[in-house]
Amino acid sequence: MAEMNFGGVTEQVATREEFPLEKAREVLKNETIAVIGYGVQGPGQALNLRDNGFNVIIGQRKGGKTWEKAIADGWVPGETLFEIEEAASKGTIIQYLLSDAAQIEVWPRIKPYLTAGKALYFSHGFGITYKERTGIIPPADIDVILVAPKGSGTSLRRMFLEGRGLNSSYAVFQDATGRAKERTIALGIGVGSGYLFETDFKREVYSDLTGERGTLMGAIQGILLAQYEVLRENGHSPSEAFNETVEELTQSLMPLFAEKGMDWMYANCSTTAQRGALDWMGPFHDATKPVFAKLYAEVACGNEAQRSIDTNSKPDYREGLEKELEALRESEMWRTGAVVRKLRPENN
C-alpha cells in the first residue's frame with residue numbers, strides 16, 4: 001500500500017506500482033471468477049479480466065439479449081458462458097454484478113452455491129448495506145468483498161483499451177479465509193483500476209447514491225436544464241442556449257479541469273469569467289448545499305434504498321421508466337443536443 005496526501009489528509013491507496021498485474025495473477029492463479037450478470041458492469045469487468053489473463057466465466061440467463069451480447073464478445077456457451085446457477089457452482093469468486101433489483105430476485109438461486117472459502121464480490125454496497133431490506137445475507141464462511149469502479153462499465157472498458165485505468169474503491173465486509181483483502185486488491189487491479197482507495201460497504205453506497213442523484217446525474221441535469229430554460233425564456237435560440245449550457249462545458253472545459261483541476265481553470269480564464277465565477281460560486285453553493293444535505297440524510301436513513309426497491313419491484317416498472325426516459329430524450333434541450341453532436345467536426 002502507498003501512503004498519499006489528499007489535500008492535507010493522508011490515505012492508504014493501492015496502485016499498480018506496489019501491486020502489479022503479475023502479483024494479481026499470482027494471487028488469483030487457482031481461482032475461477034464467475035461474473036454473474038452481463039449488463040452494466042459485467043462486460044467491462046469480465047473482458048478486462050479475461051484480457052489480463054485471469055480465468056473468467058460468465059453466468060447469464062440463456063436466450064436473452066445479454067446472452068447474445070456475451071456470445072458476440074467471445075464467450076463460448078458450455079465453455080466460458082453458462083446459466084447463472086452453473087456458473088455460480090463453478091466459480092470460486094462470484095462477481096455479483098446484476099442490478100440491485102435483480103440481485104434481490106436472484107439471491108435465492110445463488111446462495112446455495114456460496115460454499116465455504118468462496119468469495120462473493122460486489123461493485124455496489126447496496127445489497128449488503130441494506131440487507132434487512134434486500135434479504136442478501138451471506139453465509140459466515142465466505143469472503144464478502146467489493147471493488148467499485150468510479151464510472152460505468154463502458155468507461156472502464158474504454159479506458160482499459162486506451163491503456164488507462166478508472167479509479168476504484170474497495171472494501172472487505174467479511175474475511176472468512178484470511179485472504180479477503182489480497183483477493184480484493186488483485187481483482188481491483190485485474191478489472192483495470194487506476195488506483196484503489198479503501199472504504200466500507202456503507203460508505204460506498206452512501207457516497208454512490210448521493211453522487212448519482214447529485215453532481216453525477218440528478219443535480220447536473222437539473223442545473224443544466226434551469227440555465228437552458230432561463231436562456232430560452234430570454235429569447236436565446238436553442239442552439240445558443242445549448243452551446244452555452246452544455247457543449248462548452250463538456251467539450252471545452254470539462255476535459256481541461258479533468259486534466260488540471262478547477263483551480264487551474266479559474267486561474268487560466270478571462271478576468272471577466274474569473275470575477276463572475278468567484279462572485280457566483282458562493283450563491284450556488286449556498287442554494288444547493290441544503291439540497292445535498294437532505295439527499296444524504298434520505299440515503300443514510302434508507303428511504304432512497306426503499307424507494308428504489310419498491311419502484312423496481314413493480315410489474316410495470318419498465319414501462320413507466322421508459323416513459324420518463326423518453327420524456328427526457330424528447331425534451332427540447334436534448335433534441336437540440338442530438339443535432340449539435342452531429343455537427344461536431346469529427347462527425348462530418
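Residues numbered from 1 in each chain as written. Predicted model: local features only at pLDDT ≥ 70, side-chain atom pairs only at ≥ 80, totals over all residues. Heavy atoms only, no water.

Undergrad: What is the right way to read the sheet that holds strand β9 (residues 166–174) from this model?
TA: Pairing between sheet strands relies on hydrogen bonds along the backbone, with the strands arranged either parallel or antiparallel. What the ten strands build is an open sheet, ordered β1-β2-β10-β9-β8-β7-β6-β3-β4-β5; its pairing is mixed. Unpaired on one side and paired on the other, β1 (2–6) and β5 (81–82) mark the two borders of the sheet. Two elements, strand β4 (residues 56–59) and β5, share two bridges in a ladder whose sense is parallel. Within the sheet, the bridge partner assigned to Ile58 lies in β5 and is Leu81. The strands touched by helix α5 (residues 100–110) within the sheet are β3 (33–36), β6 (93–96) and β7 (119–122), with β6 carrying the most contacts at an inclination of about 155 degrees. Contacting β7, β8 (143–149) and β9, helix α10 (residues 201–213) runs over the sheet at an angle of about 30 degrees to β8. (Pairing = 2+ DSSP bridges. Helix = DSSP H or I, 4+ residues; strand = E, 2+ residues; numbered from the N terminus. Contact = heavy atoms within 4.5 Å. Axes fitted to C-alpha atoms, helices over the stretch in contact; angles between N-to-C directions.)

Undergrad: I'm lost on the pattern of salt bridges in this one. Help?
TA: Think of it this way: side chains of opposite charge can pair up when their charged atoms draw near. Scanning the model with the defined rule gives 20 salt bridges in all. Between Arg183 and Glu31 there is a salt bridge, with the nearest N and O atoms lying 2.9 Å from each other. Residue Arg183 is located in helix α9 (residues 180–190), and its partner Glu31 is located in the loop between α1 (21–27) and β3; the two are separated by 152 residues in the primary sequence. Taken as a pair, Arg183 and Glu31 share a single burial class, namely buried. With a closest N to O distance of 2.9 Å, Arg157 and Asp51 form a salt bridge. With Arg157 in helix α8 (residues 153–161) and Asp51 in helix α2 (residues 42–51), this residue pair connects regions lying 106 residues apart in the sequence. Given the relative accessible area of 39%, Asp51 is considered partly exposed. Members of the salt-bridge network, linked through shared partners, are Glu31, Asp143, Arg179, Glu182 and Arg183. (Salt bridge = Lys/Arg side-chain N within 4 Å of Asp/Glu carboxyl O. Buried < 20%, exposed > 50% of the residue type's maximum accessible area, 1.4 Å probe, protein only.)

Undergrad: What exactly am I supposed to notice about the side chain of Gln45 here?
TA: Mapped onto the secondary structure, Gln45 falls in helix α2. Owing to a relative accessible area of 0%, Gln45 belongs among the buried residues under this scheme. Aside from chain neighbours lying at most four places away, what touches Gln45 is Gln95, Leu97, Tyr121, Ser123, Pro149, Leu156 and Val191.

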